[in-house]
Amino acid sequence: MFNPDIIKPENLVYKRTSVLTDNVMHYCPGCGHGTIHRLIAEVIEEMGIQEKAICVAPVGCSVLAYNYFDVDSQGAAHGRAPAIATAIQRLYPDNHTFTYQGDGDLAAIGTAETIHACNRGENIVMIFVNNGIYGMTGGQMAPTTLIGMKTATSPYGRDVALNGHPLKITELLADLPGTYYVTRQSVQNAASVRKAKKAIRQAFENQKAKKGTSFVEVVSNCNSGWKMTPVAANKWMEENMFPFYPLGDMKVDGQKVSK
Amino acid sequence: MAIKGAIVFDVEHCKGCGVCIPTCPNQVIAFSKNVNNKGYNYAEAVNDNCIGCTSCAMVCPDGVITVYKVKL
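These numbers come from a predicted model, not from an experiment. Sequence order as written defines residue numbering, which begins from 1 separately in each chain. Chain letters start at A and ligand numbers start at 1, both assigned in the order the entries are written. The predicted nature of this model means local features are confined to residues of pLDDT at least 70 and side-chain atom pairs, given and counted, to a pLDDT of 80 or more, with totals for whole chains, interfaces and linings taken over all residues. Where side-chain values are given, they derive from all heavy atoms of the structure, hydrogens and water being excluded.

**Q** Looking at this structure, I do not really get the overall build of chain B. What am I missing?
**A** Secondary structure counts use DSSP, requiring at least four H or I residues in a row for a helix and at least two E residues in a row for a strand, with both numbered from the N terminus. Along the backbone of chain B there are two helices and four strands. Its C-alpha atoms give chain B a radius of gyration of 12 Å, near enough to 11 Å, the size a compact globule of 72 residues would have. For chain B, the C-alpha atoms occupy an extent of roughly 40 × 20 × 20 Å along the three principal directions. The burial tally for chain B puts 53% of its 72 residues in the buried class. Contact criterion: two residues are considered in contact whenever any of their non-hydrogen atoms come within 4.5 Å of each other. For chain B, contacts bridging at least 24 residues in sequence account for 57% of all contacts bridging at least 6. With residues, only the protein chains shown are counted as cover, and all accessible areas are computed by Shrake-Rupley using a 1.4 Å probe. For chain B, the accessible surface area stands at approximately 3300 Å², while carbon and sulfur atoms represent 52% of it. A distance of 7 Å separates the average location of the 6 positive side-chain charges in chain B from that of its 5 negative side-chain charges. We compute the radius of gyration from the C-alpha atoms alone; for a globule the expected value is 2.2 Å times N to the 0.38, where N is the number of residues. For every residue, the accessible area obtained with a 1.4 Å probe (protein chains only) is divided by the maximum for its type, and the residue is called buried under 20%, exposed over 50%, and partly exposed between those limits. Residues counted as positive are Lys and Arg, residues counted as negative are Asp and Glu, and His and the chain ends are not counted. Here the site of a charge means atom NZ of a Lys, CZ of an Arg, CG of an Asp or CD of a Glu.

**Q** Would you take a moment to explain the packing of aromatic side chains for this structure?
**A** Within a pair of aromatic rings, the relevant descriptors are the distance that separates the centres and the angle that separates the planes. Residue and element names in this part refer to chain A. Here a pair means two rings of Phe, Tyr or Trp (six-membered ring of Trp) with centres within 6.5 Å. Their orientation is stacked below 30 degrees between planes, edge-to-face above 60, and tilted elsewhere. Under the definition given, this model contains seven aromatic pairs over all chains. Seen from their ring centres, Phe-69 and Tyr-100 are 6.5 Å apart, and the 65° between their planes marks the pair as edge-to-face. Linking Phe-69 in the loop between β2 (53-57) and β3 (72-75) with Tyr-100 in strand β4 (residues 96-102), this pair joins segments that are 31 residues apart in sequence. Overall, Phe-69 belongs to the buried group, its relative accessible area being 2%. Through a chain of ring-to-ring contacts, the aromatic side chains of Phe-69, Phe-98, Tyr-100 and Phe-204 assemble into a single cluster. Counting as a charge over the ring demands two things of the Lys NZ or Arg CZ atom: a distance within 6 Å of the ring centre and an angle within 35 degrees of the ring normal. Its end group placed over the ring of Phe-244, Lys-168 keeps NZ or CZ at 4.5 Å from the ring centre.

**Q** Hey, could you run me through the sheet that holds strand β6 (residues 179-186) of chain A in this one?
**A** Strand pairs in the sheet, formed through backbone hydrogen bonds, run parallel or antiparallel to each other. Residue and element names in this part refer to chain A. Strand order in the open sheet made by the eight strands is β3-β2-β4-β5-β7-β6-β8-β9, with mixed pairing throughout. This sheet does not close on itself; its edge strands, each paired only once, are β3 and β9 (255-256). In this structure, strand β5 (residues 125-130) lies alongside strand β7 (residues 213-219), joined through six bridges in parallel fashion. Note on β7: the bridge partner recorded for Val-125 is Ser-214. The sheet contacts of helix α1 (residues 32-47) involve β2, β4, β5 and β7, and relative to β4 the element is tilted by about 175°. In this description, strands pair whenever DSSP reports at least two bridges between them. To get an axis, fit a line to the C-alpha atoms, keeping to the stretch in contact for a helix; angles then go from 0 to 180 degrees between the N-to-C directions.

**Q** I'm lost on helix α4 (residues 111-120) of chain A in this one. Help?
**A** Residues and elements named next belong to chain A. Inspection of α4 places Glu-113, Thr-114, Ala-117 and Cys-118 among the buried residues, and these make up the whole buried set. Down the axis of α4, the buried set is contained in an arc of 120°. They therefore lie on one face. Looking at the buried residues of α4, the elements they touch are α2 (81-91), α3 (103-109), β5, α6 (169-174), β6 and β7. Following α4 by one or two positions, Gly-121 has its phi on the positive side, about 70°. Starting at the helix axis, one direction is taken to each C-beta atom, and the arc is that of these directions.

**Q** I keep staring at the packing of α2 of chain A against α4 of chain A and nothing clicks. Help me out?
**A** Helix-helix packing is described using two parameters, namely the angle between the two axes and the distance between the axes. Residues and elements named next belong to chain A. Running from N to C, α2 and α4 point in directions that differ by 35°, and their axes come no closer than 8 Å. Taking contact as the criterion, the partners of Pro-82, Ala-83, Thr-86 and Arg-90 in α2 are, on α4, Glu-113, Thr-114, Ala-117 and Arg-120. The residue classification treats Ala, Val, Leu, Ile, Met, Phe, Trp, Tyr, Cys and Pro as nonpolar and Asp, Glu, Lys and Arg as charged. All others, Gly included, are polar. Residues belonging to the contact of α2 with α4 are distributed by class as follows: three nonpolar, two polar and three charged.

**Q** Quick question: what am I supposed to make of the layout of surface pockets here?
**A** In this approach the atoms are scanned with a rolling probe the size of a water molecule, which exposes any empty space left behind. Residues and elements named next belong to chain A. Cavities and pockets were defined on a 1 Å grid built from protein atoms only: a cavity is a group of points that admits a 1.4 Å probe but offers it no way out, a pocket is an open group of points flanked by protein on both sides within 12 Å along at least five of seven lines, and a lining residue is one with an atom within 4 Å of any such point. Grid points are joined across faces, edges and corners, and a volume is the space filled by probe spheres set on the points. Its volume calculated, the largest pocket comes out at about 250 Å³. Taken together, 17 residues make up the lining of the largest pocket; nearest its centre are Val-59, Gly-60, Cys-61, Gly-104 and Tyr-134. When the residues that make up the lining of the largest pocket are grouped by side-chain class, the tally is six nonpolar, nine polar and two charged. Approximately 200 Å³ is the volume found for the second largest pocket. Lining the second largest pocket are 17 residues; nearest its centre among them are Cys-28, Cys-61, Gly-135, Met-136 and Cys-222. Residue contributions to the lining of the second largest pocket peak at three residues, all from helix α8 (residues 223-226).

**Q** Could you clarify how one ought to interpret the interface of chain B and chain A in this entry?
**A** Accessible area lost when the parts come together is the quantity often used to give the size of an interface. With 37 residues of chain B at the interface, the matching set in chain A holds 31 residues. At the boundary of chain B with chain A, total buried surface from both sides reaches about 2700 Å², with 66% on carbon and sulfur atoms. For the purposes of these results, a polar contact is taken to be a pair of N or O atoms within 3.5 Å, where, inside protein, one atom must be able to donate a hydrogen and its partner to accept one; residues adjacent in sequence count only when each atom of the pair is a side-chain atom. Summed over the shared surface of chain B and chain A, the number is 12 residue pairs in polar contact (both at pLDDT 80 or more). Every element with two or more residues in the side of chain B that touches chain A is listed here: β1 (3-9), α1 (20-23), α2 (55-59) and β4 (65-71) of chain B. Tallied by class, residues from the side of chain B that touches chain A come to 21 nonpolar, 10 polar and six charged. Sheet topology places strand β1 (residues 12-14) of chain A next to β4 of chain B; two bridges connect them, and they run antiparallel. Buried area counts how much accessible surface, traced with a 1.4 Å probe, disappears from two parts once they are put together, with both parts' losses summed.

Geometric values such as these leave the question of function open.
This is how it looks when you write it as structure tokens:
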């Protein structure tokens, strides 16, 4: 197939980062979690902060994140990752504490901890994976589920009169004075992955400079919960999620970005 | 000057999601007819048009793709 002369160490342009362990991730095929894990691990490797990074794992699909990151980790009670990260970062101010949460953890049960940690301006990095559904428990409706979207607990589609409106928590957090960097990214194609990596890098750089809370939302797919193939789920996400959750920076250097 | 690339898949870690297939600008990747030990039809390179752009490696959720590139 390929010329074997090409496959040599000196021609290597990309390989899996060593900050990820060799464990096979338990995520469904095509799930954005794996990509986002890899981006965080690559940023940690590039910045040379593997010894200083501390991951706070949530409850949800990514509950076993500590099996995949080769950094110190702490599991948190459901939704309480920002509270745990606050304590860790205050005790070890020169370390890099980051939380990794899904929408059920960050935007539902952990709303209070999320908002107060951001409002206090804790010097932590928060990675928020938004797929609009409760993936781990079998695809129930989440606060971030789109209007009209079918889930296990809204089989006729989300109805505003019955279920209320979807929660745009990232816009909410951008209004708080404590946050320094708030952005929304996605990982469905190569260009968006590169942008998301830049945003995560920016978040960790802000933390290094002790600027305050950096919040990166990543709109991701849940092909099992949405009952689609991975490629179809990415397409559905582009057509339906992005109009409601527009991508881009919301707050840069502590100043809101005017759209 | 021609740019040639090569991609190597970690077959046992591939879950056959196929996200890399539409990402490739030169249609290098396709599903294999064979399955790995977990029963997934893993992705494989089917021609040598690779230019080493790393797009497939960027989107791979499980990081199974290693990319090599050389200028001839």
